[in-house]
Amino acid sequence: MIVGGSTLPDEYVGLSDELAEERIRAKRAEYGSRLVLLAHHYQRKEIVRLSDFRGDSYALSKRASQQGSDLIVFCGVHFMAESADVLTRDDQRVYLPNMAARCPMADMADPADVEVAWASLLDVLGPGPALPVLYINSVAELKAFCGREGGTVCTSSNAKAAIEWALKRAKRVLFLPDQHLGRNTGKRLGVPRERMVVWDPELPLGGLEPAELEKAVLILWKGYCHVHTWFSVEHVRAVRASFPKAKVVVHPECTEEVVDLADASGSTEFIVNYVHSAPSGSVIAIGTEVNLVSRLALEYPDKRVFELSRSLCPNMFRINLKNLLWTLERLDESTLVRVAPELKPGARLALDRMLTISEVRK
Ligand code: SF4
């Protein structure tokens, strides 16, 4: 549930970045260890620089669950702050500096549409039609649905482990909302193409025949991330033509064709580690959000790191120094993220399963 709006008061609009940063540091010092600032890898560099911890959604949700601080300021998008609110104690408060920072892919799986899809699957396939595996990029209502139906949440770091976990317990998986992460992961697991089907929520029975559903191993929700589906086969070919020694590394939210052509694919954390471990002098073209790529290029000047093509997440970009300062100076209802209490137990169950699956795999 979103509390409050996202409009920045006039007094903050004209502030210089220098002054905003100075006031942020002063506020941080005032709160001391009571407050922790988490930043997703796709945040602007000035936000990442000020954070206590940076990471992908998995690392940050785990970090949130381990925090002793009672005030958590989450520089990311709304579903991440919701997950932090679910995983933290009731006396801890989670703030998002701009409530308009939402993930369009998360919003492609509307909870009402998912309930309709689930009822249809029950009709056609009978009880226990599938286990839901829910990418963490989804709203809290769906995490509660997933917990209720015995499924788990996953991130791009642990999608393979999560699907394997689910397929030990059920004949098929309903994977949502990102069809590309689901398909790329299914392929890594050796699921045949004809046993991965796409559920279109705008069509009766997802646009599928009962027989297709019956033999499906993976039912993929028709969602996507526009930041990652932007990368094309042509982008990969152009980089290879200009930089024959370049390694191309992409995120698994990219299309299957792009992932197949790349030298490597993996989560944001995987990409960060790939660049870190590459020998000096490496040439690496990266297919993910441009703020991360630019920061990696700055952090590893001994390697040539550049974007496969420029693709920015406008929602991550909505967090800036001014609205971060506004949040810190008020810490009021206008930026407080609160998941409805009745949704928390189911959502927590699904998130806890994810954390457990990942721990077991280590
Ligand atoms: S990069 Fe894609 S998945 Fe991540 S927040 Fe932006 S739109 Fe959502």
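Residues numbered from 1 in each chain as written. Predicted model: local features only at pLDDT ≥ 70, side-chain atom pairs only at ≥ 80, totals over all residues. Heavy atoms only, no water.

### Some thoughts on the pattern of salt bridges
Stage number 1. Within the structure shown, the criterion is met by 24 salt bridges.
Stage number 2. Its salt-bridge partner being Arg348, residue Asp352 comes within 3.6 Å of it at the nearest N-O pair. In this pair, Asp352 and Arg348 both sit in helix H17 (residues 344-361), four residues apart, roughly one turn of the helix.
Stage number 3. Accessibility expressed as a relative area gives 30% for Asp352, which makes it partly exposed.
Stage number 4. One network of salt bridges, in which partners are shared, links Lys187, Arg193, Glu256 and Asp260. (Salt bridge = Lys/Arg side-chain N within 4 Å of Asp/Glu carboxyl O. Helix = DSSP H or I, 4+ residues; strand = E, 2+ residues; numbered from the N terminus. Buried < 20%, exposed > 50% of the residue type's maximum accessible area, 1.4 Å probe, protein only.)

### Quick word on the packing of helix H8 (residues 159-167) against helix H9 (residues 179-188)
Stage number 1. Contact pair H8 / H9: the axes reach a minimum separation of 10 Å and the direction vectors enclose 70 degrees. When the interaxial angle is binned, H8 and H9 end up roughly perpendicular. Contacts between H8 and H9 involve Ala159, Lys160 and Ile163 on the former and, on the latter, Leu181, Thr185 and Arg188. (Axes fitted to C-alpha atoms, helices over the stretch in contact; angles between N-to-C directions. Parallel < 35°, antiparallel > 145°, perpendicular 65-115°, else oblique. Contact = heavy atoms within 4.5 Å.)

### Observations regarding the packing of aromatic side chains
Stage number 1. Evaluated as defined, the whole model comprises three aromatic pairs.
Stage number 2. Between Trp118 and Phe145 the ring centres are 5.4 Å apart and the planes differ by 85 degrees, which places this aromatic pair in the edge-to-face class. Of this pair, Trp118 sits in helix H6 (residues 111-125) while Phe145 sits in helix H7 (residues 140-148), and the two are 27 residues apart along the sequence.
Stage number 3. Sitting above the plane of the Phe317 ring, Arg44 keeps its charged end 3.6 Å from the centroid.
Stage number 4. Arg63 extends its terminal NZ or CZ atom over the ring of Phe53, reaching a point 3.7 Å from the ring centre. (Phe/Tyr/Trp six-rings, centres within 6.5 Å; stacked < 30°, edge-to-face > 60°. Lys NZ or Arg CZ within 6 Å of the ring centre and 35° of its normal.)

### Focus: the site of the ligand
Stage number 1. Neighbouring residues of the ligand: Tyr42, Val77, Cys103, Pro104, Met105, Asn137, Cys225, Val227, Glu253, Cys313 and Met316.
Stage number 2. Broken down by class, the residue content of the shell around the ligand amounts to nine nonpolar, one polar and one charged. (Near = heavy atom within 4 Å. Nonpolar A, V, L, I, M, F, W, Y, C, P; charged D, E, K, R; others polar.)

### A closer look at the side chain of Thr185
Stage number 1. Of note, Thr185 is situated in helix H9.
Stage number 2. Look at Thr185 and you get buried, because its relative accessible area is 3%.
Stage number 3. Contact partners of Thr185, with chain neighbours within four places excluded, come to Ala159, Lys160 and Ile163.

On their own, these measurements won't tell you what the molecule is for.
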